[in-house]
2 protein chains.
Amino acid sequence: MTESREFLYPSKWLSKASAGDRVTYELRMRIISGQIESGTILSENKLAIDFAVSRSPIREALKILASENIIRLERMGAVVIGLSEIEIEEIYDVRLLIESFVFERLVRIDTNELIKELSKILEMMKVAIKYSDADEFAYQDVLFHETIIRAANHSYILMIWNNLKPVMESFILLSMRMRFKEKVEDFTRIIKNHELYIEAIRTKDRDLMSKSLHENFDDVQGKVEDLWISQQILSKGVVQQND
Amino acid sequence: MTESREFLYPSKWLSKASAGDRVTYELRMRIISGQIESGTILSENKLAIDFAVSRSPIREALKILASENIIRLERMGAVVIGLSEIEIEEIYDVRLLIESFVFERLVRIDTNELIKELSKILEMMKVAIKYSDADEFAYQDVLFHETIIRAANHSYILMIWNNLKPVMESFILLSMRMRFKEKVEDFTRIIKNHELYIEAIRTKDRDLMSKSLHENFDDVQGKVEDLWISQQILSKGVVQQND
DNA sequence: GATATAATACTTGTATACAAGTATACTTAA
DNA sequence: TTAAGTATACTTGTATACAAGTATTATATC
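Residues numbered from 1 in each chain as written. Chains lettered and ligands numbered in written order. Predicted model: local features only at pLDDT ≥ 70, side-chain atom pairs only at ≥ 80, totals over all residues. Heavy atoms only, no water.

Peer 1: I'd like a rundown of the protein's contact with DNA strand C, residues and numbers included.
Peer 2: Close to DNA strand C lie 17 residues; Ser43 and Asn45 of chain A together with Ala19, Ser54 and Ser56 of chain B are nearest. Contact distances for DNA strand C include 3.0 Å between a phosphate oxygen and a side-chain N or O atom of Arg59 of chain A. Here a base nitrogen of DNA strand C sits 2.9 Å away from a polar atom, N or O, in the side chain of Ser56 of chain B. Going through the elements one at a time, helix H2 (44-50) and helix H3 (55-67) of chain A together with helix H1 (19-33) and helix H3 (55-67) of chain B are the ones with two or more residues in the surface near DNA strand C. Tallying contributions element by element places H3 of chain B first for the surface near DNA strand C, with three residues. (Near = heavy atom within 4 Å. Polar contact = N/O pair within 3.5 Å; in protein donor to acceptor, adjacent residues only side chain to side chain. Helix = DSSP H or I, 4+ residues; strand = E, 2+ residues; numbered from the N terminus.)

Here it is in structure tokens:
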């Protein structure tokens, strides 16, 4: 059995987190990265030993990951589902659905504050690129979309986002780490797309929004590929440096 | 302190359920029915005593209810959010969003099996009306929509549904119990609307689907009202007979 | 060797114990 | 009477223990 002592999830993001949260975030990363392969059966007891915690935080983690659809709880053991190409496209379907809905709400309200906030986040993203900080970039990228969604002020849409976010975050983290190594040129396009987003919200232009959402969606194909590359990098033992 | 020994959730639906599940379902019903008022602070220990179980199943329940947005976990105690008019409309927004998405998938596949299944459920609903079985009717109503959603074969849309379903189910249960007592004439309309749903799926007619979704949505106003009536009935001590 | 039965090593769900932290109430000193 | 400090009664998160159930393996029987 190959045991990994490296943690995939940025440890500084877990400074105040409980043991349960740590396990949840780390386990999620290992599943999404493919370090724990799809089909693997996870045992509460084994995980408790691996993470050097009791079964309580492990149980908590498994319940959450099951609700995120990346594992499946059965009578005996938790079966890893993971993220295949299909699931990633499905996640983007949902994001498209949510953000389209949100946009329809945004065209009816004042978005000046939101645009200011988004511009700030975009600046942050640029700085993250400048300093090749993949994790920070991923964080700001996720925050960008969350900020838009929050602006719609719709608690049940936010609920969906909260359910989707952790998986998205993990996926984007892995994707961005890989891109900083192998496809830095991608970031120009990503930044441009986010500028388009802001512009669409500012002008309340449905066509422009549709265009930027669509471009983002097209990017999925690339992102799916990213995950494979990311998994290959991991399996080769090229481990990520986080801080 | 007024303690209720009556259970709101149909006990026969919990035959194989764990203590954690029982608490989750019952607590959800009490919150949505308004028996536990919005703003109330729930204590793990007090709940454990009330339900005569340990803190473990209570913790499990609170985590789930928090992910459903009907309570909010804070550093000290869980604050009840409940379902106000706004939340109910929001839930229907999401249902509309999901079912519209699902319909777009259904027009592209063979739906013969689905229609057969839905027709069967509709028959069941009619029988439930005939025997004034509110709980059975609610069950079949929820199942009707779940069956449609499942047919789309989209795991992340199903994930959203799974997150929304318990709250919907509780709400529909309460609403239908009330209607059987106070507004029996409603059921003719509900059945008709479901027939329209099936017809829309059969003919793959977008306009018809939009019409039936819209009618269902218009029904929300009535349903919100239902909850108030339901809450009044509860506060008057008129308790529901379940089996 | 195949089949039934018993022993075992797991599994989950729940109860309980405890540490660390936080709000509330109660002092005590000014 | 008020302010600061202290005690007390809560809170959460985690560890551990245990009961009941379920696979797996070993053993005995045919």
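Peer 1: Quick rundown of the protein's contact with DNA strand D? Include the residues and the values.
Peer 2: Taken together, the neighbourhood of DNA strand D is formed by 17 residues, with Ala19, Ser54 and Ser56 of chain A together with Ser43 and Asn45 of chain B sitting nearest. When atoms of DNA strand D within 4 Å of the protein are sorted by moiety, sugar and phosphate together comprise 60%. Between Asn45 of chain B and DNA strand D, the recorded distance is 2.9 Å, taken from a side-chain N or O atom to a phosphate oxygen. The contact in question runs from a phosphate oxygen of DNA strand D to an N or O atom on the backbone of Gly77 of chain B, over 3.2 Å. Going through the elements one at a time, helix H1 (19-33) and H3 of chain A together with helix H2 (44-50) and H3 of chain B are the ones with two or more residues in the surface near DNA strand D. Among the elements that line the surface near DNA strand D, the one with the most residues is H3 of chain A, at three residues. Here the surface near DNA strand D is built from residues that sort into five nonpolar, seven polar and five charged. (Nonpolar A, V, L, I, M, F, W, Y, C, P; charged D, E, K, R; others polar.)

Peer 1: Could you give an account of the packing of aromatic side chains, with specific residues and numbers?
Peer 2: Inspection of the entire model under this criterion finds 14 aromatic pairs over all chains. Seen in terms of ring centroids, Phe137 of chain B and Phe187 of chain B are 4.9 Å apart; in terms of plane orientation they differ by 85°. Their pairing is edge-to-face. Pair noted here: Phe137 of chain B is in helix H6 (residues 134-151) and Phe187 of chain B is in helix H8 (residues 186-203), with a separation of 50 residues, a long-range link. The exposure class of Phe187 of chain B is buried, given its relative accessible area of 2%. Connected via pairs of aromatic rings, a cluster forms that spans Tyr9, Trp13, Tyr25 and Tyr139 of chain A. In this structure, Arg28 of chain A packs its charged tip against the face of Tyr25 of chain A, placed 5.0 Å from the ring centre. (Phe/Tyr/Trp six-rings, centres within 6.5 Å; stacked < 30°, edge-to-face > 60°. Buried < 20%, exposed > 50% of the residue type's maximum accessible area, 1.4 Å probe, protein only. Lys NZ or Arg CZ within 6 Å of the ring centre and 35° of its normal.)

Peer 1: Break down the pattern of salt bridges for me, citing the residues and quoting the values.
Peer 2: The tally for this structure, following the rule as stated, stands at 36 salt bridges over all chains. Of the charged contacts in the structure, one is a salt bridge between Asp135 of chain A and Arg177 of chain A, with a shortest N-O distance of 2.8 Å. Here the residue Asp135 of chain A occupies a position in helix H6 (residues 134-151), and Arg177 of chain A occupies one in helix H7 (residues 155-182), the gap between them amounting to 42 residues. No difference in accessibility class separates Asp135 of chain A from Arg177 of chain A, as the two residues are buried. Of the charged contacts, one joins Glu104 of chain B and Arg206 of chain B as a salt bridge, the two residues approaching to 2.8 Å between their closest N and O atoms. Remark: Arg206 of chain B occurs in helix H9 (residues 206-235) and Glu104 of chain B occurs in helix H4 (residues 85-106); sequence separation between them is 102 residues. (Salt bridge = Lys/Arg side-chain N within 4 Å of Asp/Glu carboxyl O.)

Peer 1: Describe the UniProt feature "domain: HTH gntR-type" (unreviewed entry) in chain A, naming the residues involved and giving the relevant values.
Peer 2: If you check UniProt for "domain: HTH gntR-type" (unreviewed entry), the listed places come out as residues 17-83 of chain A in our numbering. Its end C-alpha atoms 25 Å apart, residues 17-83 of chain A is made of 52% helix and 12% strand. (UniProt positions renumbered as here; feature names shortened; annotations may be inferred.)

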